[in-house]
Amino acid sequence: MIKMGAGGRMSEPNSPSPVQRVPHTKPPFTVGELKKAIPPHCFHRSVLRSFSYVVYDLSLVFLFYYITTYFSLLPSSLTVLAWPLYWTLQGCTLTGVWVIAHECGHHAFSDYQWLDNAVGFVLHSSLLVPYFSWKISHRRHHSNIGSLDRDEVFVPKPKSKLSCFSKYLNNPLGRVLTLAVTLTLGWPMYLAFNVSGRPYDRFACHYNPYGPIYSAGEHLQIYVSDAGIFTAGYVLYHLVLAKGMAWVVCVCGIPLLIVNAFLVLITYLQHTHLTLPHYDSSEWDWLRGALVTVDRDYGVLNKVFHNITDTHVAHHLFSKIPHYHAMEATRAIKPILGEYYKFDDTPFYKAIWRESRECLYVEPDEGGSEKGVFWYKNKF
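Described below are features of the structure shown in this document. It should be emphasised that the depicted structure is a prediction, and the values quoted were computed from it without experimental measurement.

Okay, the overall build of the protein next. Along its length, the protein carries 13 helices and 7 strands. The C-alpha radius of gyration computed for the protein amounts to 21 Å, which stays within 12% of the reference 21 Å derived for 380 residues, consistent with globular compactness. Principal-axis analysis of the C-alpha atoms places the extent of the protein at approximately 65 × 50 × 45 Å. Burial statistics for the protein: of 380 residues in total, 51% are counted as buried. In the form shown here, the protein has an accessible surface area of approximately 17800 Å², with 67% of it arising from carbon and sulfur atoms. Computing the positive centroid from 33 side-chain charges and the negative centroid from 28, the protein places the two 2 Å apart.

This part is about the layout of surface pockets. Looking at the second largest pocket, its volume works out to about 730 Å³. Around the second largest pocket sit 27 residues that line it, and Val61, Leu94, Ser126, Leu127 and Cys252 are the ones nearest its centre. When residues of the lining of the second largest pocket are assigned to their parent elements, the largest contribution, 7 residues, is made by helix α7 (residues 219–243). Grouping the amino acids of the lining of the second largest pocket by side-chain chemistry returns 22 nonpolar, 5 polar and no charged.

For the rest of this paragraph, the subject is empty space enclosed by the protein. Taking a probe equal in size to a water molecule and rolling it over the atoms shows the remaining empty space. Applying the stated criterion to the full structure yields 3 cavities of 30 Å³ or more. Of the voids in this model, the largest cavity is the one considered here, and its volume is about 130 Å³. Taken together, 15 residues make up the lining of the largest cavity; nearest its centre are Glu103, Thr311, His315, Ile321 and His323. Counting residues per element, the lining of the largest cavity draws most heavily on helix α3 (residues 76–105), which supplies 3 residues.

Relative to each other, helix α8 (residues 245–271) and helix α13 (residues 348–358) sit at 65°, their axes nearing to 11 Å. The element α8 and its partner α13 pack so that their crossing is left-handed. The residues of α13 that touch α8, namely those facing Phe262, Leu265, Tyr268 and Leu269, are Phe348, Ala351, Ile352, Glu355 and Ser356. Per-class residue counts for the contact of α8 with α13 are 7 nonpolar, 1 polar and 1 charged.

Structurally, His106 is set in the loop between α3 and α4 (113–126). Of the polar contacts made by the side chain of His106, one reaches the side chain of His102; its length is 3.3 Å. His106 has contacts with His138, His142, His315, Ser319 and Lys320, leaving out every residue within four places of it along the chain.

Right, let's get into α4. One turn of the α-helix equals 3.6 residues, which is why residues spaced by three or four share an orientation. Between its first and last C-alpha atoms α4 spans 20 Å; for 14 residues at 1.5 Å apiece the expected length is 20 Å, and the two agree. Within the span of α4, buried status applies to Leu115, Asp116, Asn117, Val119, Gly120, Leu123, His124 and Ser125. Residues of α4 that are buried make contact with α2 (47–68), α3, α5 (131–144) and α7. Just beyond α4, the residue with positive phi is Leu128, at close to 65°.

Counting residues in hydrophobic clusters, the biggest one holds 40 residues, and the most contacted among them are Trp98, Leu127, Trp187, Phe262, Leu269, Tyr298 and Phe305. Going through the elements one at a time, α2, α3, α4, α5, α6 (172–193), α8 and α13 are the ones with two or more residues in this core. Considering every element that reaches this core, the biggest residue donor is α8, with 9 residues. Those residues in contact with Tyr298 that sit more than four places away from it in its chain are Leu265, Ile266, Leu269, Phe305, Thr309 and Phe348. If you look at the next biggest cluster of nonpolar residues, it comprises 18 residues, including Ile145, Leu287, Ala314 and Ala329.

Over its 27 residues, α8 extends 37 Å from the first C-alpha to the last, a length consistent with the 39 Å expected when each residue adds 1.5 Å. Of all the bends in α8, the largest measures some 35° and sits at Gly253, one to four residues before the proline Pro255.

This paragraph deals with the side chain of Thr68. Residue position: Thr68 is located in helix α2. Aside from chain neighbours lying at most four places away, what touches Thr68 is Trp83 and Tyr86.

Thresholds, definitions, all that
- Residues numbered from 1 in each chain as written.
- Predicted model: local features only at pLDDT ≥ 70, side-chain atom pairs only at ≥ 80, totals over all residues.
- Heavy atoms only, no water.
- Helix = DSSP H or I, 4+ residues; strand = E, 2+ residues; numbered from the N terminus.
- Rg over C-alpha atoms; globule rule 2.2 N^0.38 Å.
- Buried < 20%, exposed > 50% of the residue type's maximum accessible area, 1.4 Å probe, protein only.
- Areas by Shrake-Rupley, 256 points an atom, 1.4 Å probe, with all protein chains shown as cover.
- Lys, Arg positive; Asp, Glu negative; His and termini not counted.
- Charge placed at Lys NZ, Arg CZ, Asp CG, Glu CD.
- 1 Å grid on protein atoms, 1.4 Å probe; cavity = no way out; pocket = protein on both sides within 12 Å on 5 of 7 lines; lining within 4 Å.
- Points joined across faces, edges and corners; volume = space filled by probe spheres on them.
- Nonpolar A, V, L, I, M, F, W, Y, C, P; charged D, E, K, R; others polar.
- Axes fitted to C-alpha atoms, helices over the stretch in contact; angles between N-to-C directions.
- Left-handed = near helix turned anticlockwise from the far one by under 90°.
- Contact = heavy atoms within 4.5 Å.
- Polar contact = N/O pair within 3.5 Å; in protein donor to acceptor, adjacent residues only side chain to side chain.
- Expected span 1.5 Å × (residues − 1).
- Core = buried A, V, L, I, M, F, W, Y, C linked by side-chain atoms within 4.5 Å.
- Bend = angle between axes of the 7 residues up to and from the residue.

Okay, structure coming up:
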């Protein structure tokens, strides 16, 4: 069931979609009015409180690892169950660590940029993420969200630009295959080859300081990011020598795969929904673009993921609000956003299947008056 915050709007009479679409017209409120509605303390970043979440998450990470040292004492029948439980708990907790580093990239961790960058660099590098490289492209995503021409990630394609085999994957087996590849390889493929990212006129890669993603003044930051990845890889190499490949895969590798899967899943579901419009350059503006996102309910994982899942609308409007104030900020702006606020309480495992079936490409409505407003469709 799709819930639309303070309501929704029925699609236009000439629209083929039976769902309630969100408005695509210029909002009757401004960013300033939204900011005034948020209690001032929500913008306060506390070093101690932010670090408390780092300490809490890392304590769980080390606790879960410590428990694995006793797995050898278990009978084989229980070991088979214990490892998947460890992978799930560790993967979810490390996703929370990823989110804290993401917050550092938005300067929402503290009032000190150098501290945010230091914490974000260490945490993201430990998760094999090139911190500054990601931070720069992610900043451009926030600056251009909802734009078909300039957004940086999960940019939907018009039907004419889909690959020739896309229609053959539009079936249950094809969707299973597509989702399996996307959730396992999507994140490293995006970093290395810009898969699902904004198209550039030449090869784009998050590890290349001289690629089209970055300007001349950003080259040093990319080198530093690469050094962080190299250092993490060096540590993993020596762990393989000391503990063996199987140990590294079980203790580190599979939890990291789960982190990557959740990262892709969360990002995809935040920006992919049948009711969300996208805009070309003739229609796009920042506020309408920032509203092209949806809050979702992940149950208990909302807290584990520091509410990046159910406060994403507020995050795109005010990205420097720390996560521990995001729920309060969301509640404050919902009455003003009204039907522009999107919330979907569909369980994420059902939502990913539904969106992968219904949101295959974007096109303007046939016969519609707004040629620069694009909607998700799935008919071939």
